[in-house]
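Chains, contacts and geometry: an overview
These are the residues of each chain, in order.
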Protein chains: 2
Amino acid sequence: MKGGSRKAEGEKTQGERVPRSALTNVHLYCFSPGGFLRGRDPMEIVSAQIRGGADVIQLREKDMSRRAKLELGLKLRELTEREGVLFIVNDDIDLAIILDADGVHLGQEDIPIRFARPLLKEKIIGISTHSLEQVETAVKEGADYVGIGPVFETATKSDREPLIGFDLLSKMRHVCSIPYVAIGGIGKDTIGSLVEAGCHRAAVISDIMLAPDIEKRCNELRRSLV
Amino acid sequence: MKGGSRKAEGEKTQGERVPRSALTNVHLYCFSPGGFLRGRDPMEIVSAQIRGGADVIQLREKDMSRRAKLELGLKLRELTEREGVLFIVNDDIDLAIILDADGVHLGQEDIPIRFARPLLKEKIIGISTHSLEQVETAVKEGADYVGIGPVFETATKSDREPLIGFDLLSKMRHVCSIPYVAIGGIGKDTIGSLVEAGCHRAAVISDIMLAPDIEKRCNELRRSLV
């Protein structure tokens, strides 16, 4: 665990925005289990990711009721706070506020930033983007980071977007003034080419969730990124 | 239109709770079209309901993205404000705040009142209930009104709850200290027996949405309730 040093980076008081430096230090962006739970304990899956070096945990449970997400989220907030890991809530601005998450992640079909910002105040807002135009819009509207993808073929998303070209990914460090996280089909077999394209931040779902040893897989992936 | 008189009842300043008297005067509780749109203009369907006497419009769009709900909600907020009709948002506490709705309607699997109230402050919170125990809990936790149902067989809800007995509905005026609205399978053929059970508030979806003349149907239903 590197909780100690990250705690210092991410330290904050209630209602104060996590400093952008906390995002700068993000390399491995991880998730709650979602459809990959398969009878396991969700908290153990998240704990293993944190032990393996996850810098962010996102509450992302598309098939849970709001009440079930709230219950899981309360536990995740406690764990991530204790471990000094950023805690982001997917889609639900209300849940992000209730859970005092560090931020929220919004898709292109979610509430636009100009409506979300007044509620979220200093919290982090991340935006899913699928083109250079969407990246530029997100930056202009005040996003704190963007997700960019899908970079590789993925089974996680059913509403498939066209793949983000590696040329765009390579250009990103020159055109994007805020942290960007690659997503979609990233795992131990593909992460090397991501780093070759100059991207050192990756959001990983299935490769971690399906790994025989989650902690070990996270550790391998994170070491590839730094 | 009886917008003039209702405007006075429901009058409020920004951030101030709509007085309970506004709920007391509710008889016909109506909805955005949801799955019943069938190529029509949603604003025309809602306008017809208001012309016919709807006291409440609830934004209830289970299959829309948050962004689409926001766009429709902005128009509904403007219309309901102008017409002096209460505007309630289903499920989404964040949208209710962004749209400055009069309140939110929450199900048993949504965020509990104790977590919702600090965000919603003086706004109306309505709770769906399916038993006397759930009614009592909602009242105790500070709900402003309850929906109670389903009273009759309905095709609108796929996750079917058992029917609420007419004995419970008859008891409600004695055991429930806040306004209660019957829901589920209510229409021109069934509304009479609701009134016989002492219930003068009804939420109606399919009977209105499928009526050949929405304004006329609303007018008939509302006249049965008062």
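Residues numbered from 1 in each chain as written. Chains lettered and ligands numbered in written order. Predicted model: local features only at pLDDT ≥ 70, side-chain atom pairs only at ≥ 80, totals over all residues. Heavy atoms only, no water.

Glancing now at the relation of the copies chain A and chain B. Superposition of chain A onto chain B requires a rotation of 180 degrees combined with a translation of 0.0 Å along the rotation axis, giving an RMSD of 0.0 Å. Expressed as an axis order, the relation between the two copies is that of a two-fold axis. Considering only C-alpha atoms, the residue of chain A closest to the rotation axis is A:Asp94, which sits at 2.5 Å. Take the interface residues of chain A: 100% of them recur as interface residues in chain B, which is what a same-surface contact looks like. (Least-squares fit on C-alpha atoms with pLDDT ≥ 70 in both. Contact = heavy atoms within 4.5 Å.)

As a further point, take the environment of A:Arg117. All names here are of chain A. Of note, Arg 117 is situated in helix H6 (residues 113-120). Each C-alpha atom of the pair Arg 117 and Ser 32 lies 24 Å from the other, and the pair is 85 residues apart in sequence. Looking at Arg 117, its side chain comes within polar contact range of the main-chain oxygen of Lys 123, at 2.7 Å. (Helix = DSSP H or I, 4+ residues; strand = E, 2+ residues; numbered from the N terminus. Polar contact = N/O pair within 3.5 Å; in protein donor to acceptor, adjacent residues only side chain to side chain.)

So, about the sheet that holds strand E8 (residues 202-203) of chain B. Across a sheet, strands are paired by hydrogen bonds formed along the backbone, either parallel or antiparallel in direction. Residues and elements named next belong to chain B. In space, the 8 strands of this closed barrel follow the order E1-E2-E3-E4-E5-E6-E7-E8, with parallel pairing throughout. Where strand E1 (residues 28-31) meets E8, 2 bridges bridge the pair, whose relative direction is parallel. Paired with Leu 28 across the bridge in E8 is Ala 202. Helix H6 (residues 113-120) contacts strand E4 (103-106) and strand E5 (124-129) of the sheet and is inclined by roughly 155 degrees relative to E5. (Pairing = 2+ DSSP bridges. Axes fitted to C-alpha atoms, helices over the stretch in contact; angles between N-to-C directions.)

Another aspect to go through is helix H4 (residues 66-83) of chain B. Residues and elements named next belong to chain B. For H4, with 18 residues, the first-to-last C-alpha span of 25 Å sits near the 26 Å given by 1.5 Å per residue. Inspection of H4 places Arg 66, Lys 69, Leu 70, Leu 72, Gly 73, Leu 76, Arg 77, Leu 79, Thr 80 and Glu 83 among the buried residues, and these make up the whole buried set. Gly 84 lies just past H4 and shows a positive phi near 70 degrees. (Expected span 1.5 Å × (residues − 1). Buried < 20%, exposed > 50% of the residue type's maximum accessible area, 1.4 Å probe, protein only.)

Under the criterion given, the structure shown has 34 salt bridges over all chains. We note a salt bridge from A:Arg222 to A:Asp55, for which the minimum N-O separation is 2.9 Å. With A:Arg222 in helix H11 (residues 214-225) and A:Asp55 in the loop between helix H3 (42-51) and strand E2 (56-59), this residue pair connects regions lying 167 residues apart in the sequence. Between B:Arg66 and B:Asp94 there is a salt bridge; the shortest N-O distance is 3.9 Å. Of this pair, B:Arg66 sits in helix H4 while B:Asp94 sits in helix H5 (residues 93-98), and the two are 28 residues apart along the sequence. A relative accessible area of 0% places B:Asp94 in the buried class. Taken together, the shared-partner salt bridges connect A:Arg66, A:Lys69, A:Asp92, A:Asp94, B:Arg66, B:Lys69, B:Asp92 and B:Asp94 into one network. (Salt bridge = Lys/Arg side-chain N within 4 Å of Asp/Glu carboxyl O.)

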